[in-house]
Amino acid sequence: SFAVEYMRAEDDETNYLTIAPISKAFHMVCAWIAAGGEADSALARASAQVQKHIARVPAYLWVAEDGMKAQGYNGSQAWDTAFAT
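The paragraphs below set out a description of the structure included in this document. (Residues numbered from 1 in each chain as written. Predicted model: local features only at pLDDT ≥ 70, side-chain atom pairs only at ≥ 80, totals over all residues. Heavy atoms only, no water.)

1. What about unusual backbone geometry?
Point 1. We note that tyrosine 16 has phi near 65°; this positive angle belongs to a residue other than glycine.
Point 2. As for its placement among the helices and strands, tyrosine 16 is situated in the loop between α1 (2–13) and α2 (21–34). (Helix = DSSP H or I, 4+ residues; strand = E, 2+ residues; numbered from the N terminus.)

Below, the structure is given as structure tokens:
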């Protein structure tokens, strides 16, 4: 479908980082479903796309000495540029 192709294009362009943690989770779940996750979760988890998504999760989530941390966005450059102009 168009939506799946669009998400795969964004995954390729961002090297599976996506643009924010919400889209990251959404793309990861969609990749799992597209790989057959509802029928065979182990097979879907082993798919290349799902593995690439899982590998990028630490960009948004990590454990610090005071607990789990989450980053809201992968950069503020677009906002900074918009406000500067």
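Read on, since the account is not over.
2. With respect to a nonpolar patch on the surface
Point 1. Residues Leu61, Val63 and Met68 make up a contiguous nonpolar surface patch of about 320 Å² in total accessible area.
Point 2. The topology assignment puts valine 63 in strand β1 (residues 61–64). (Patch = residues over 30% accessible without salt bridge, like charges linked within 9 Å, V, L, I, M, F, W, Y side chains within 5 Å. Areas by Shrake-Rupley, 256 points an atom, 1.4 Å probe, with all protein chains shown as cover. Salt bridge = Lys/Arg side-chain N within 4 Å of Asp/Glu carboxyl O.)

3. Looking at the packing of α2 against helix α4 (residues 48–56)
Point 1. Running from amino to carboxyl end, α2 crosses α4 at an angle of 155°, the nearest separation of the two axes being 9 Å. Taken together, the axes of α2 and α4 lie roughly antiparallel to each other. Once α2 is placed against α4, the crossing between them reads as left-handed. Between α2, through Lys24, His27, Met28, Ala31 and Trp32, and α4, the contact on the second element is made entirely by Gln49, Val50, His53, Ile54 and Arg56. (Axes fitted to C-alpha atoms, helices over the stretch in contact; angles between N-to-C directions. Parallel < 35°, antiparallel > 145°, perpendicular 65-115°, else oblique. Left-handed = near helix turned anticlockwise from the far one by under 90°. Contact = heavy atoms within 4.5 Å.)

4. Some points on the environment of tyrosine 6
Point 1. When you line up the elements, tyrosine 6 lands in helix α1.
Point 2. The sequence separation of tyrosine 6 and methionine 28 amounts to 22 residues, and the corresponding C-alpha distance is 14 Å.

5. Quick notes on the pattern of salt bridges
Point 1. Under the definition given, this model contains 1 salt bridge.
Point 2. Residue aspartate 66 is joined to lysine 69 by a salt bridge in which the shortest nitrogen-to-oxygen separation is 3.0 Å.
Point 3. Exposure remark for aspartate 66: the relative accessible area of 57% places this residue in the exposed category. (Buried < 20%, exposed > 50% of the residue type's maximum accessible area, 1.4 Å probe, protein only.)

6. Quick word on the packing of aromatic side chains
Point 1. Inspection of every chain in the model, using the stated rule, returns 1 aromatic pair.
Point 2. Measuring from ring centre to ring centre gives 5.9 Å for phenylalanine 2 and tyrosine 6, while their planes differ by 40°; the resulting arrangement is tilted. One end of the pair, phenylalanine 2, and the other, tyrosine 6, are both in helix α1, 4 residues apart, so they sit about a helical turn from each other.
Point 3. Using a relative accessible area of 52% as the deciding quantity, one classes tyrosine 6 as exposed. (Phe/Tyr/Trp six-rings, centres within 6.5 Å; stacked < 30°, edge-to-face > 60°.)

So far we have only geometry, and geometry alone does not tell us how the molecule works.
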